[in-house]
Amino acid sequence: MIQVTDLHKTYGNKKNTYDALNGINLTINDGESVAIVGKSGSGKSTLMHVMAALDTPTSGSVQYEGKNLANYNARELNKFRNENIGFVFQQFFLKPNQNVFENISLPLMIKGISANQRHERVLQVLKEVDMEDKKKNKATDLSGGQKQRVCIARALINNPKIIFADEPTGNLDSTTGKTIIDLLFKLNKEKHITLIIVTHDDDIAKMCDRRIYIQDGKILNHENT
Amino acid sequence: MKTLDIIRTANSNLLRSKTRTILTILAIIIGTITLTLTVAIGNGAKDYINNQIKAVDIPNGLFIVKKNPNQGRDGNPFAPTDTLPKYTNQIGIEVTPLISSSDMASIQQIKGIKKVYGEHTNLQTLYVTLNGNDKYAVSAYYYVPEETLSLAAGTIPSANDSTSVILPYKAIKTLGYSSPSDLIGKTVSFAFITSSNINKVTGTPTPTLKQFHVSGVMVTNLLVGDNAIFPVSVNNAIFNELDTTPTDQQSFSNVAAITDSLSSKDQSALQTTLSNKGYNSNSISSISSSIQGVITTVQVGLSLFAAIAILAATLGIVNTLLMAVLERSREIGLMKALGMGKGGIFSMFAFEAISIGFWGGIIGILLGVGIGSIANNLARKYFLKGFEGYSLLTFPISFLIIILVIDLFIAFLAGAIPALKASRMNPIDALRVE
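Residues numbered from 1 in each chain as written. Chains lettered and ligands numbered in written order. Predicted model: local features only at pLDDT ≥ 70, side-chain atom pairs only at ≥ 80, totals over all residues. Heavy atoms only, no water.

The number of helices and strands found in chain B is 12 helices and 14 strands. Projected onto the principal axes, the alpha-carbon positions of chain B cover approximately 105 × 50 × 40 Å. Within chain B, the proportion of its 434 residues that are buried is 44%. When the accessible surface of chain B is summed, it comes to about 21800 Å², and 62% of that surface belongs to carbon and sulfur atoms. (Helix = DSSP H or I, 4+ residues; strand = E, 2+ residues; numbered from the N terminus. Buried < 20%, exposed > 50% of the residue type's maximum accessible area, 1.4 Å probe, protein only. Areas by Shrake-Rupley, 256 points an atom, 1.4 Å probe, with all protein chains shown as cover.)

Dropping the structure here:
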């Protein structure tokens, strides 16, 4: 369970401040699929960053299973992200000089798992995203949809509890986008991974259990399916 | 992240912009070659001096001369005086005073001195001749029984052998032979003279001819030079024969002393005692170390220039890695988002720098040694012909390792700046970079 309490995030200096988050309260249950919807500049990305422990709030708290992220030191936060959170980004962020296999094993490598042990696990997630035949391909030689599959595999590799997907279909055509979204929801249903999608696409948002509309750093309204 | 994975990733990252990496390594290579060669030249010179000195070694030997009261100021024989010298009943003011029989006795009594040998430099050799007609100018070098000499051929005559001589290497060709062993056993005549044999009116010398049989031929050596070599007993015996004045016979121009095996502390204490009694003393090792000191100074000076070249090359490392950090900010952001700590990011870039330093260092050292070997061969063939036992450049493995360590260390320092910059990046900002 993720519990967000009175979250504020302020950017800028004393003279020029800008409130990206302005008192967000939110609870997300395990296994839920939630869409965070908003226009650009609404604060939806900042909310995701703070919830994913990539950024620290100015005030307020984010709690996982009752534990406040603010109490973790840098090393613990790194470990927390590495082991509990999977990221899927709009821009993929694949290493161009490495092949699919190496890209997917990155979180395991960061965790300090030896190359032998990585091998098995990578083959397993490659199967889950249906990319076994591309494991030797360079990341740059893949289509957009294939790239995003590799990203999902990379997000899955540590058996995360939560996947944060930041505009996962933003760089894909609608047909490919649909298959990626289907894959994400399949993982959500079958593996009970909490899925948090940041999007401005209403069609994707409507597929989620719950939609949270953000405007000017505040929650405009909740909508359940 | 495992260290092995960090090293692997760092190395694969280096290959991403090959040209840039190669150029950076090239700069390190040039610096390293320069450093390797300057160090090698210094070592070659030191080795040469060592070999030369070893060829005429006197274990525990000490050369003693009387201090010239007219020479030097404040105990420094090379410092100019500010007054005119006193007259001391000798012709010429630069002449070192003679060591009298009482001086000899007092030196002999100093603790640590085992044996003393006096030498009359007033006894001169004018020439050597094989057939009596062709005369060649030659000087003499007198050795003490404790001295070891490196011969090209033959044996060293015993200490009291008054009819044997060791000829200089040049004598082979001079006397019409081709190999050192050809000279062994031949009989040659030397013309000896002292100042008392010079006709006071005409100035014409009347030398005395003495016959010697050649027992050995000396290798070319810096310290002995082109001198004919006799036991010091020959010097004393012939001088006494030519100059019958008892006071002259008992006065020596210099003394070679053999000491007990002394620690360097005791050795310097002994030399201080000698100095207080009015004698200057020098051991072969101190001569050697003072020459080595001069070479080391020159070597360090040259190496500093080479070090500047390496330093300039490391700016290339800083530049290369700063560019890499900028290019790879999104990747750094991603790795941080996926849980990589500051330390991991820092090590990755630091290893890239160290890797550049390593390859630049290794290749530079190998090329340096290669160039050095070619230079050595050319030198031996041309301008160092006849310098026995001299390599222009020598490459002790310990020095090569030190050079490599210097390369790695400087590369690490250079890499630390960009590595620190990368490790401090904020993951969100880094991911946002377009």
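That was the structure; now back to the text.
Quite often, the size of an interface is put as the accessible area lost when its parts meet. At the junction of the two partners, chain A supplies 23 residues and chain B supplies 24 residues. With both chains or domains summed, chain A and chain B bury close to 2100 Å², and 60% of this area falls on carbon and sulfur atoms. Interface area lost by chain A to chain B is led by A:Phe93, A:Lys95 and A:Ile110, which between them contribute 28%. Linking chain A with chain B are 2 salt bridges. Note that B:Glu331 is salt-bridged to A:Lys95, the shortest N-O span being 3.6 Å. Where chain A packs against chain B, one counts 6 residue pairs in polar contact (both at pLDDT 80 or more). Top contributing element to the side of chain A that touches chain B by residue count: helix α3 (residues 100-111) of chain A, with 4 residues. (Contact = heavy atoms within 4.5 Å. Buried area = accessible area lost by both parts, 1.4 Å probe. Salt bridge = Lys/Arg side-chain N within 4 Å of Asp/Glu carboxyl O. Polar contact = N/O pair within 3.5 Å; in protein donor to acceptor, adjacent residues only side chain to side chain.)

Taken together, B:Val294, B:Val298, B:Leu302, B:Phe305 and B:Ile308 make up a surface patch of nonpolar side chains, about 510 Å² in accessible area. Inspection of the secondary structure assignment puts B:Leu302 in helix α8 (residues 284-327). (Patch = residues over 30% accessible without salt bridge, like charges linked within 9 Å, V, L, I, M, F, W, Y side chains within 5 Å.)

Our next topic: the nonpolar core. All names here are of chain A. Among the nonpolar cores identified, the biggest contains 52 residues, and Ile-2, Leu-47, Met-51, Tyr-64, Phe-87 and Phe-164 are the most heavily contacted of them. When residues no more than four places from it in sequence are discounted, the contact partners of Leu-47 are Leu-7, Leu-21, Ile-24, Leu-26, Ile-36 and Ile-214. Core analysis: the second largest hydrophobic core is formed by 39 residues, Val-88, Cys-151, Leu-183 and Ile-204 among them. (Core = buried A, V, L, I, M, F, W, Y, C linked by side-chain atoms within 4.5 Å.)

Residue and element names in this part refer to chain B. Most of helix α9 (residues 329-337) sits out of view: 8 of its 9 residues are buried. Listed in full, the buried residues belonging to α9 are Ser-329, Glu-331, Ile-332, Gly-333, Leu-334, Met-335, Lys-336 and Ala-337. Of the residues trailing α9, Gly-339 is marked for its positive phi of about 105 degrees.

As a further point, take the sheet that holds strand β7 (residues 162-166) of chain A. Within a sheet, each strand pairs with its neighbour through backbone hydrogen bonds, oriented either parallel or antiparallel. Residues and elements named next belong to chain A. With mixed pairing, 6 strands are arranged side by side in an open sheet as β6-β7-β8-β3-β9-β10. On the outer flanks of this sheet lie β6 (85-89) and β10 (218-224), each paired with one strand and no other. Within this sheet the neighbouring strands show an average axis-to-axis angle of 15 degrees, counted without direction. Two elements, strand β3 (residues 33-37) and strand β8 (residues 194-199), share 5 bridges in a ladder whose sense is parallel. (Pairing = 2+ DSSP bridges. Axes fitted to C-alpha atoms, helices over the stretch in contact; angles between N-to-C directions.)

Here we take up the domain arrangement of chain B. All names here are of chain B. Each assigned domain of chain B is listed with its residue range as follows: domain 1 (3-54 + 291-432) and domain 2 (58-283). With 7 residues of domain 1 in contact, the opposing surface of domain 2 contributes 6 residues. Contact between domain 1 and domain 2 buries roughly 510 Å² in total, counting both sides, with carbon and sulfur atoms accounting for 50%. Our enumeration of links across domain 1 and domain 2 arrives at 0 salt bridges. Our enumeration of links across domain 1 and domain 2 arrives at 1 residue pair in polar contact (both at pLDDT 80 or more). (Domains from an automatic or database assignment.)

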